[in-house]
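Structural overview
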Protein chains: 2
Amino acid sequence: MRVSVPLDTSWRLFNHGPVTLVTAAADGAENVMAAAWVTPMDFDPPRFTVVLATGSRTRELAEASGELVLQVPTRDQLHLIDGVGSCSGRDTDKWAAFGIEKLREPGVQAPLVGGCSAWMACRVLAEPRLAQDFDLFLVQGFAAWADERVYDGSRRRADVPEGLRSVHHVSGGTYVLEGGVISVRPGAATGA
Amino acid sequence: MRVSVPLDTSWRLFNHGPVTLVTAAADGAENVMAAAWVTPMDFDPPRFTVVLATGSRTRELAEASGELVLQVPTRDQLHLIDGVGSCSGRDTDKWAAFGIEKLREPGVQAPLVGGCSAWMACRVLAEPRLAQDFDLFLVQGFAAWADERVYDGSRRRADVPEGLRSVHHVSGGTYVLEGGVISVRPGAATGA
């Protein structure tokens, strides 16, 4: 059910502001974290701003490898999201602790988190001052995938099953849930 | 019903990834646009990444004044959001065209859009290379307000009336609606 998505419209997968999971791998180590501060900043090639706190293990691995994977987790994964966002990969094997399935894609260093609705493999752009001053990373997607039950290509479906809907982080353990999808203009659901 | 919010927790007002409205004013001109690519990047002082397309009128006014106001519009304003995001202030008086109420705050150059649920007055940080290369602006909040029906201080209420809920832009005229609010950890709704 996970299918490749054309890169030029793949920004849409992340456009509605969900909380994300970020994975990174380097030198045999792999970690996953939750990140609310992840947003598109360009269409084609797709680029994103990503905030990764100083000292976080995932940031270290992303800096060492020059890559990370962004993913949109689902409502069914709410406890996983909150869990990996509330402990550190320094002292916890999050993969084992939360029973996370690792998916592999050729040419992508980090594992993809199984059960998510969208995935974007990214290279980290060289912006050391932004990382140092603001914990801000600019990344560029080079491959994207989506669960067909949630997306028709890169278009979010109007009838996403409740368990596969996105969640949006408010603060602490509190999240806004995705309600329905609405189109304001005739034909907008199929428009760009 | 619009009340001032302490700045140190005001990042929460925008944390769940809603579409935003951006206002800016300079030299007697005022404009408003819709922006999906607006995200917190720091807590205290609150800082945000904001993408403003090259050539947009609101960007010109923000660059000229060094200020802008971010706001979280509501489901009741869906047609306003889509409308101001689909025309230019160069040839349209958006305020008149969409019947937008302007609110004034002392010390803030741009008007606030009436009927929104949260507002953040920001100064633009001097990052000319990011603007030129990526249309990316880094801004720092200096005053914040929220509608008490939607936020208890800076905490999003669990029982936001449907018409005041946020909307999240997918693409074109398509939006994800805010569903309910859920807390994963006991006491999380009142936690940080």
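Keep in mind that what you see is a predicted model, and the values were worked out from it rather than measured.

Conventions we followed
Residues numbered from 1 in each chain as written. Chains lettered and ligands numbered in written order. Predicted model: local features only at pLDDT ≥ 70, side-chain atom pairs only at ≥ 80, totals over all residues. Heavy atoms only, no water. Phe/Tyr/Trp six-rings, centres within 6.5 Å; stacked < 30°, edge-to-face > 60°. Helix = DSSP H or I, 4+ residues; strand = E, 2+ residues; numbered from the N terminus. Buried < 20%, exposed > 50% of the residue type's maximum accessible area, 1.4 Å probe, protein only. Least-squares fit on C-alpha atoms with pLDDT ≥ 70 in both. Pairing = 2+ DSSP bridges. Axes fitted to C-alpha atoms, helices over the stretch in contact; angles between N-to-C directions. Arc of directions from axis to C-beta. Contact = heavy atoms within 4.5 Å. Buried area = accessible area lost by both parts, 1.4 Å probe. Salt bridge = Lys/Arg side-chain N within 4 Å of Asp/Glu carboxyl O. Nonpolar A, V, L, I, M, F, W, Y, C, P; charged D, E, K, R; others polar. Polar contact = N/O pair within 3.5 Å; in protein donor to acceptor, adjacent residues only side chain to side chain. pLDDT = per-residue confidence, 0-100. Core = buried A, V, L, I, M, F, W, Y, C linked by side-chain atoms within 4.5 Å.

**Digging into the packing of aromatic side chains**
- In total, this model carries 8 aromatic pairs over all chains according to the counting rule given.
- Each ring, one from W11(A) and one from W37(B), has its centre 6.3 Å from the other, and the planes form 75 degrees; the classification is edge-to-face. Highlighted residues: W11(A) in the loop between β1 (2-4) and β2 (20-26) and W37(B) in the loop between β3 (29-35) and β4 (38-42), drawn from two different chains.
- The class for W11(A) is buried, based on a relative accessible area of 9%.
- Residue classification places W37(B) among the buried positions, given a relative accessible area of 10%.

**Let's talk about the relation of the copies chain A and chain B**
- Superposition of chain A onto chain B requires a rotation of 180 degrees combined with a translation of 0.0 Å along the rotation axis, giving an RMSD of 0.0 Å. The transformation just described matches what one would write down for a two-fold rotation axis.

**Focus: the sheet that holds strand β14 (residues 174-183) of chain B**
- Across the sheet, which stays open at both edges, the 4 strands sit in the order β13(A)-β14(A)-β14(B)-β13(B) with antiparallel pairing between neighbours. Each edge of the sheet is formed by a strand with only one pairing partner; in this case those strands are β13 (167-171) of chain A together with β13 (167-171) of chain B. Averaged over all adjacent pairs, the angle separating strand axes in this sheet is 35 degrees, with direction ignored.
- Sheet topology note: the β13(A)/strand β14 (residues 174-183) of chain A ladder contains 4 bridges and is antiparallel. Bridging across to β14(A), V167(A) finds its partner in L177(A).

**Looking at helix α1 (residues 57-65) of chain A**
Residue and element names in this part refer to chain A.
- For α1, the set of buried residues is T58, R59, L61, A62 and S65. The buried residues of α1 occupy an angular sector of 165 degrees when projected down its axis, which confines them to one face.
- Next to the buried residues of α1 lie β2, β3 (29-35), β6 (67-72), β9 (118-124), α4 (128-134) and β10 (136-147).

**So, the interface of chain A and chain B**
- The interface is formed by 50 residues belonging to chain A together with 50 residues belonging to chain B.
- Between chain A and chain B the total buried area reaches about 4,300 Å² when both faces are included, carbon and sulfur atoms providing 59% of it.
- Per-residue buried area on chain A facing chain B is highest for W37(A), F134(A) and V184(A); these three make up 16% of the total on that side.
- Scanning the region where chain A abuts chain B turns up 4 salt bridges.
- As a salt-bridge pair, E127(B) and R129(A) come within 2.6 Å of each other at their nearest N and O atoms.
- Broken down by element, the side of chain A that touches chain B gets its largest block of residues, 10 residues, from β14(A).
- For the side of chain A that touches chain B, the residue count by class is 24 nonpolar, 17 polar and 9 charged.
- Note that β14(A) and β14(B) share 7 bridges and pair antiparallel. Looking at β14(B), one finds that V176(A) is bridged to V181(B).

**Regarding the environment of R149(B)**
All names here are of chain B.
- Residue placement: R149 occurs in the loop between β10 (136-147) and β11 (151-152).
- Note on R149: relative accessible area 39%, which makes it partly exposed.
- When the C-alpha positions of R149 and A121 are compared, they lie 20 Å apart, and in sequence the two are 28 residues distant.
- Ignoring sequence-local partners within four residues, the contact set of R149 consists of M1, R157, V160, P161 and L164.
- A polar atom in the side chain of R149 sits 2.8 Å from the side chain of D147.

**Some points on the pattern of salt bridges**
- On inspection of all chains with the given rule, the structure shows 26 salt bridges over all chains.
- With a closest N to O distance of 2.6 Å, R185(B) and D82(A) form a salt bridge. Here R185(B) is found in the segment after β14, whereas its partner D82(A) is found in helix α2 (residues 78-84) on a different chain.
- The salt bridge involving E63(B) is made with R59(B); its shortest N-O contact spans 3.7 Å. Here E63(B) and its partner R59(B) are both found in helix α1 (residues 57-65), 4 residues apart, which amounts to about one turn of the helix.

**A few points about the environment of R165(A)**
Residues and elements named next belong to chain A.
- Considering the arrangement of structural elements, one finds R165 in the loop between β12 (155-156) and β13.
- If sequence neighbours within four positions are ignored, R165 has contacts with P73, T74, R75, R156, V160, E178, G179 and G180.
- Within the structure, the side chain of R165 is placed 3.2 Å from the backbone oxygen of G179, a separation counted as a polar contact.

**A look at the confidence of the model for chain A**
- Per-residue confidence for chain A gives a mean pLDDT of 95, with 97% of residues at or over 70.
- Scored as a complex, the prediction yields pTM 0.96 and ipTM 0.95.

**What about the nonpolar core?**
- Among the nonpolar cores identified, the biggest contains 68 residues, and L21(A), L136(A), L138(A), L21(B), L136(B) and L138(B) are the most heavily contacted of them.
- Those residues in contact with L21(A) that sit more than four places away from it in its chain are V32(A), M33(A), A34(A), V69(A), L70(A), Q71(A), P73(A), L80(A), I81(A), V84(A), V113(A) and C116(A).

**Thoughts on the pairing of β10(A)**
All names here are of chain A.
- For β10, a buried count of 10 out of 12 residues is recorded, marking the element as mostly surrounded by other parts of the structure.
- Two elements, β1 and β10, share 3 bridges in a ladder whose sense is antiparallel. Among the inter-strand pairings, R2 is bridged to a residue of β10, identified as D147.
- As paired strands, strand β5 (residues 47-51) and β10 are joined by 5 bridges and run antiparallel to one another. Its bridge partner being in β10, T49 is matched across the sheet by L138.

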